[in-house]
There are 2 protein chains.
Amino acid sequence: MSSQPARSMPFPMLNERPEWVALAKHRKAMESVSIKSLFAQDAQRFDRFHVSHEGMLLDYSKHRVTAETMTLLVNLARACDVEGWRDRMFEGDAINESEGRAVLHTALRRPAADKVMVDGENVMPFVHGVLKQMKAFTESVLSKQWKGHTGKPIETVVNIGIGGSDLGPYMVCEALKPFKTRLDVRFVSNVDGAHIHETVKGCDPETTLFIVASKTFTTQETMANADTAKKWLLAALKDQAAIAKHFVALSTNEKAVQAFGIAPENMFPFRDWVGGRYSLWSAIGLSICLAVGFDNFEKLLAGGHAMDRHFQTAPLDKNMPVIMALLGLWYRNFWNADSIAVLPYSQYLHRFTAFLQQMDMESNGKSVDRQGRRVGYETGPIVFGEPGTNGQHAFYQLIHQGTSLIPCDFIGAVNIENGLQEHQRMLLANMIAQAQALMDGRGLAASGNDPQKVFEGNRPSTTILFDRLDPIRLGMLIALYEHKVFVQGILWNINSFDQWGVELGKVLAKNILSAMDKGGAPDGADSSTAGLLAALRKFHH
Amino acid sequence: MSSQPARSMPFPMLNERPEWVALAKHRKAMESVSIKSLFAQDAQRFDRFHVSHEGMLLDYSKHRVTAETMTLLVNLARACDVEGWRDRMFEGDAINESEGRAVLHTALRRPAADKVMVDGENVMPFVHGVLKQMKAFTESVLSKQWKGHTGKPIETVVNIGIGGSDLGPYMVCEALKPFKTRLDVRFVSNVDGAHIHETVKGCDPETTLFIVASKTFTTQETMANADTAKKWLLAALKDQAAIAKHFVALSTNEKAVQAFGIAPENMFPFRDWVGGRYSLWSAIGLSICLAVGFDNFEKLLAGGHAMDRHFQTAPLDKNMPVIMALLGLWYRNFWNADSIAVLPYSQYLHRFTAFLQQMDMESNGKSVDRQGRRVGYETGPIVFGEPGTNGQHAFYQLIHQGTSLIPCDFIGAVNIENGLQEHQRMLLANMIAQAQALMDGRGLAASGNDPQKVFEGNRPSTTILFDRLDPIRLGMLIALYEHKVFVQGILWNINSFDQWGVELGKVLAKNILSAMDKGGAPDGADSSTAGLLAALRKFHH
């Protein structure tokens, strides 16, 4: 708790703060206010409730908020010392208290001349040293200087990782397809053998490079897939020496990496102040470098850094991630919204929401506050979504006419790389129309007096619009959500940077694996666990 | 309302039925009951709370239910006449009342000798006539008898459709990859030009066949993509006559299909009693036939039919879809659960949850009952999920330690096609362990007295286990969820078969498109809509 000033009073519970109480009172006054009526009352509403920054626009006018709401929300942010925590994060304080670590993915996108001290060491030379190593490697592979064991250049790259070592890099590689290099970059994550089996199908062992991404080099799924990849390679090349030319590691466990057969110079390190879900900016981004080139990776970093500067310097009421965080809290805690829908109007962003699920739900899916108390309020929401317009033909029905309130984030880029302008116009028209329809709704008379065709409306949404989906804007977009999630964690007074909730399942899986070996069930297992294991044996043939 | 017997009393509101009131009372008694304690009290709990049917096992023992709970839930199902509605659906009554249509996707999987009357016509000869047409076409393409315009056989198939014309067939083709034919079958759905652009990249126009799937042949997204595909083809083949050899249609609009250039004999029809989200069993399944062969499509139908028979004949308390529906209602209406997580432990099922999102959320995301009254209870839940083990490294943290209750469905198949047994053991061990961890939790002492490492446990889950992911089991699995969603719609007294909630956005999109043409905003538009349109113009370069 070193980052907290000493206190004689117990730390206040969020929902006992006067700023929270003021919001609860204001919420009642907002009960019957429609967003549509707020537009009718104020012709300048869009001007007042949007923010622009470096080619990105955040429109939050279609929300159940007035100027007073925003003031009260910002008051809460101040009371929770969002600015202080933000600054401590950027400065390298150990704000991940439960693990005693700094949280410094922002350092990964800072210029070399900056100074960021962790335990007395300026980490920037390390950060830029690894970038240099990544650059050299990327150029060597792309220029065909790097050759496989039989002398052929690399054509296919398979990234083996799971969680943050997969979702971020995979999402970025899909998003930046128009910028891709000559390499075919693929991803394997699931321990399901089907994943590696289907991914290497049709690959040529002589021209395939595997990236094994695991901080500890012990992640069960990743090592199972790496071992299978190694067997696949050696079955064709029949020489242990081939491993060094076809495998590199993103890891910190040099001993295990060497034991696997990977040369130490082909291990790309990162530090313990980079959490898995923020790691695409680190050595974990090597697959991105190979997929779109090192220059584009640097632009991605620059985009993230641009959003960092905005987050650090914009006043709270003009601060994009702060505004998004406060609106999220407003619905989660005062309007009973359990979930948010994130809806990119871009097929290239088809994995953005899956990536966000980890970033948001693993960060803020906690019930115990930093003081160890069970929270008396809701924390992290469920995040779901698919690209529009596909989602419109799937689950939007429920967002429009279901019984749950689901705030939506619409995300769109204006300019495209493929020249299909008519498609793009339809795409963006649909995005803007959905936001309008959610807000406006349609009354009984306009619905032909058929109650089943009524749209209640007053459903809130945010629109994030930017000029083009390029590495810089993508970097900004990712960092925008990272900081939103960070601010919410501060408001909810939870540690967004640990993930104790994933531990228990791992322990129990080991017990079950060893019970499988013996043909029974773990000692003292419930009859369901035992029954399912018996069913497995019965089905197995 | 012809399917409802005449009544002198107003139709009761669901939450005013005595069976509902009894459940509400029982719910209070269950408040402090832990699932774990129910296992401790009853060594036979797994035996009592699981059902098996034709190679598929449904374990629902890890739920907050006792024998009494299940009796009370089944009483509610009887009161709502689930059995009567079920029988009326299978018999072809017009249970889609708002559109005056029958709901007969189940007829698509029935044997030719069966008789299903709709408006005085036995539809089974039509159903099997289309199947024959699909079979002949599939065999002609696969055997290379069908040739492209320049005389080459087809190698790539691109299905163009959206919503039900995409999600179902795509999900099935991914799920059945181990059964695939020589054809490379791809899917384009999004109106985003990036989708068609990236999908046809690298395809050879001479060997590519497009399937245009749109009932009305007017769906905006699908026709935009079909037009772009046509241009792409004609740019290479330079002859209008080529269209007839490279395009087929799944549609009922013969005139529009012919105007597009498709020969009438290459139009595969279906009837208005097949809703989009249930259409993979119809002509919309042609891409499945080409991807895995007609025999496997027939097995898929047989699997669906096997589940139909179970649903029609099993007593309610042994009826898989009924049990799943009742448990869903139990959590949604009595435990405040807004969402369910569907977690397939199979990479091949990576799109199963996206498919379910449409099936479930479009069906039951409604707020007005069949009598036109605003419902006084929650209806359809949010459905989300990604394959395990990937989800474990992403959002499971929130399911384990977040503040929301999220019932989970675990889905696993035992036997595999790829021989990677060690992977499969880990996969299934993880699945069983997660269900156990969610239920058991971990107390303070076992968590080293660290409250942040405590798992509260008592989190419910269902496990669906089957012998292997083949066409038959997949058919059963899909039909299981279809009938679950059907039963919930009956319980909630809503029409699960219309989707008025998608209309308003379409209308507004047209207005916005025409405003874009003129360079302004639609008449009377709010300042946000106008502001976003102005931003589009500003960003556009």
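All of the points below concern the structure found in this document.

Rules and cut-offs
Residues numbered from 1 in each chain as written. Chains lettered and ligands numbered in written order. Predicted model: local features only at pLDDT ≥ 70, side-chain atom pairs only at ≥ 80, totals over all residues. Heavy atoms only, no water. Helix = DSSP H or I, 4+ residues; strand = E, 2+ residues; numbered from the N terminus. Expected span 1.5 Å × (residues − 1). Buried < 20%, exposed > 50% of the residue type's maximum accessible area, 1.4 Å probe, protein only. Least-squares fit on C-alpha atoms with pLDDT ≥ 70 in both. Contact = heavy atoms within 4.5 Å. Pairing = 2+ DSSP bridges. Core = buried A, V, L, I, M, F, W, Y, C linked by side-chain atoms within 4.5 Å. Phe/Tyr/Trp six-rings, centres within 6.5 Å; stacked < 30°, edge-to-face > 60°. Axes fitted to C-alpha atoms, helices over the stretch in contact; angles between N-to-C directions. Parallel < 35°, antiparallel > 145°, perpendicular 65-115°, else oblique. Left-handed = near helix turned anticlockwise from the far one by under 90°. Nonpolar A, V, L, I, M, F, W, Y, C, P; charged D, E, K, R; others polar. Salt bridge = Lys/Arg side-chain N within 4 Å of Asp/Glu carboxyl O. Disulfide = S-S within 2.5 Å. Buried area = accessible area lost by both parts, 1.4 Å probe. Polar contact = N/O pair within 3.5 Å; in protein donor to acceptor, adjacent residues only side chain to side chain. Right-handed = clockwise from strand over helix to strand, strands pointing away.

Residues and elements named next belong to chain A. Between its first and last C-alpha, helix α14 (residues 320–334) extends 21 Å over 15 residues, near the 21 Å set by a 1.5 Å rise per residue. Counting buried positions along α14 yields 15 of 15 residues, so the element is predominantly enclosed. Just beyond α14, the residue with positive phi is Asn-336, at close to 65°.

Glancing now at the relation of the copies chain A and chain B. Placing chain A over chain B gives an RMSD of 0.0 Å and needs a rotation angle of 180°, together with 0.0 Å of translation along the axis. Here the symmetry operator amounts to a two-fold rotation axis. A shared interface surface links the copies, since 99% of the contact residues of chain A are contact residues in chain B too.

Our focus in this paragraph is the pairing of strand β10 (residues 339–345) of chain A. All names here are of chain A. Among the seven residues of β10, seven are classified as buried, and the element is accordingly described as predominantly covered. Both faces of β10 are covered, namely the face carrying Ser-339, Ala-341, Leu-343 and Tyr-345 and the face carrying Ile-340, Val-342 and Pro-344. Sheet analysis places β10 next to strand β11 (residues 382–384), joined by three bridges and oriented parallel. For Ser-339, the partnering residue across the bridge sits in β11 and is Ile-382. Pairing between β10 and strand β12 (residues 408–415): five bridges, direction parallel. Among the inter-strand pairings, Ala-341 is bridged to a residue of β12, identified as Cys-408.

Phe-352 of chain A together with Phe-352 of chain B are the most contacted members of the largest nonpolar core, which has 336 residues in total. A per-element tally of this core places helix α18 (residues 471–492) of chain B first, with 13 residues. Apart from the residues within four sequence positions on either side, Phe-352 of chain B is in contact with Met-171, Val-342, Pro-344, Ile-411, Leu-477, Ile-478 and Tyr-481 of chain B.

Once that is clear, we can look at the packing of aromatic side chains. Using the criterion set out here, one finds 44 aromatic pairs over all chains in the structure. Seen from their ring centres, Phe-395 of chain A and Tyr-396 of chain A are 5.5 Å apart, and the 50° between their planes marks the pair as tilted. As far as the burial class goes, Phe-395 of chain A and Tyr-396 of chain A line up, both buried. On the numbers, 5.8 Å between centres and 45° between planes, the contact of Trp-20 of chain B with Tyr-377 of chain B is tilted.

All names here are of chain B. Orientation of helix α5 (residues 82–91) relative to helix α13 (residues 294–313), taken along the N-to-C sense of each, is 140°, at an axis distance of 10 Å. Here α5 lies oblique to α13, going by the angle between them. For the crossing formed where α5 meets α13, the hand is left-handed. For the pair formed by α5 and α13, the contact residues are Arg-86, Met-89 and Phe-90 on the first element and Asp-308, Phe-311 and Gln-312 on the second. Considering only residue class, the contact of α5 with α13 consists of three nonpolar, one polar and two charged.

Here the focus is the pattern of salt bridges. As enumerated under the stated definition, the model contains 61 salt bridges over all chains in all. Ionic pairing is found between Arg-27 of chain A and Glu-31 of chain A, a salt bridge with its closest N-O pair at 2.6 Å. For Glu-456 of chain A, the salt bridge goes to Arg-374 of chain B, with nearest N and O atoms at 2.5 Å. One end of the pair, Glu-456 of chain A, is in the loop between α17 (421–440) and β13 (461–468); the other, Arg-374 of chain B, is in the loop between α15 (352–364) and β11 (382–384), on a second chain. When its relative accessible area of 43% is taken as the criterion, Glu-456 of chain A is described as partly exposed. Among the residues examined, Arg-374 of chain B registers a relative accessible area of 40% and is labelled partly exposed. Among the charged side chains, a network of salt bridges with common partners joins Glu-99, Arg-101 and Asp-272 of chain A.

What follows concerns the sheet that holds strand β5 (residues 156–160) of chain B. All names here are of chain B. The five strands are arranged β6-β5-β7-β8-β9 in an open sheet whose pairing can be described as parallel. Both edges of this open sheet fall to β6 (184–188) and β9 (267–268), since each of them pairs with a single strand only. The pairing of strand β7 (residues 208–213) with strand β8 (residues 247–250) spans four bridges and is classified as parallel. Among the inter-strand pairings, Ala-213 is bridged to a residue of β8, identified as Leu-250.

Here we come to the state of the cysteines. Applying the stated criterion across every chain yields a total of zero disulfides over all chains. With no disulfide of its own, Cys-203 of chain A lies 15 Å from the sulfur of Cys-173 of chain A, the closest cysteine sulfur.

Another point: the interface of chain A and chain B. Taken together, the contact pairs 135 residues of chain A with 134 residues of chain B. Approximately 11,900 Å² of surface area, both sides summed, lies buried where chain A meets chain B, with 60% of it carried by carbon and sulfur atoms. The tally of links from chain A across to chain B stands at six salt bridges. As a salt-bridge pair, Arg-425 of chain B and Asp-517 of chain A come within 2.2 Å of each other at their nearest N and O atoms. If you look at where chain A meets chain B, you find 72 residue pairs in polar contact (both at pLDDT 80 or more). Among the elements that make up the side of chain A that touches chain B, the one with the highest residue count is α17 of chain A (15 residues).

Residue and element names in this part refer to chain A. Counting buried positions along β12 yields eight of eight residues, so the element is predominantly enclosed. Here β12 pairs with β13 via seven bridges, running parallel. Each bridged residue has a counterpart across the sheet, and for Gly-412 the counterpart in β13 is Leu-465. A crossover links β12 with its parallel partner β13, the connecting element being α17, and its sense is right-handed.

It is worth spelling out the sheet that holds β11 of chain A at this point. Residue and element names in this part refer to chain A. The strand order β1-β2-β13-β12-β10-β11 describes an open sheet built from six strands, whose pairing is mixed. Both outer strands of the open sheet, β1 (50–53) and β11, are each paired with one neighbouring strand and no more. Adjacent strand axes in the sheet meet at a mean angle of 15°, parallel and antiparallel pairs treated alike. Strands β1, β2 (56–59), β10, β12 and β13 of the sheet are contacted by helix α18 (residues 471–491), whose axis makes an angle of about 155° with β13.

Moving on, we come to the side chain of Gln-436 of chain A. As for its placement among the helices and strands, Gln-436 of chain A is situated in helix α17. Take Gln-436 of chain A: its relative accessible area is 7%, and that puts it in the buried class. When near neighbours in sequence (up to four residues on either side) are disregarded, Gln-436 of chain A contacts Lys-62 and Gly-441 of chain A together with Leu-508, Ile-512, Ala-525, Asp-526 and Thr-529 of chain B.

This part takes up unusual backbone geometry. The residue after Gly-388 of chain A, namely Thr-389 of chain A, is reached through a cis peptide bond having omega 5°. Note on placement: Thr-389 of chain A falls in the loop between β11 and α16 (396–401). The phi dihedral of Lys-144 of chain B falls on the positive side, at around 70°, and the residue is not glycine. By secondary structure assignment, the location of Lys-144 of chain B is in the loop between α6 (124–142) and β5. Despite not being glycine, Asn-449 of chain B shows a phi value in the positive range, around 60°. With respect to the helices and strands, the residue Asn-449 of chain B is situated in the loop between α17 (421–440) and β13 (461–468). The class of Asn-449 of chain B is exposed, set by a relative accessible area of 57%.

Further remarks concern the side chain of His-246 of chain B. All names here are of chain B. Secondary-structure assignment places His-246 in helix α10 (residues 243–246). According to the relative accessible area criterion, His-246 is buried, its value standing at 0%. Excluding residues that lie within four positions of it along the chain, His-246 makes contacts with Gly-148, His-149, Ile-154, Pro-205, Glu-206, Thr-207, Thr-208, Leu-209, Phe-210, Leu-233 and Leu-237.

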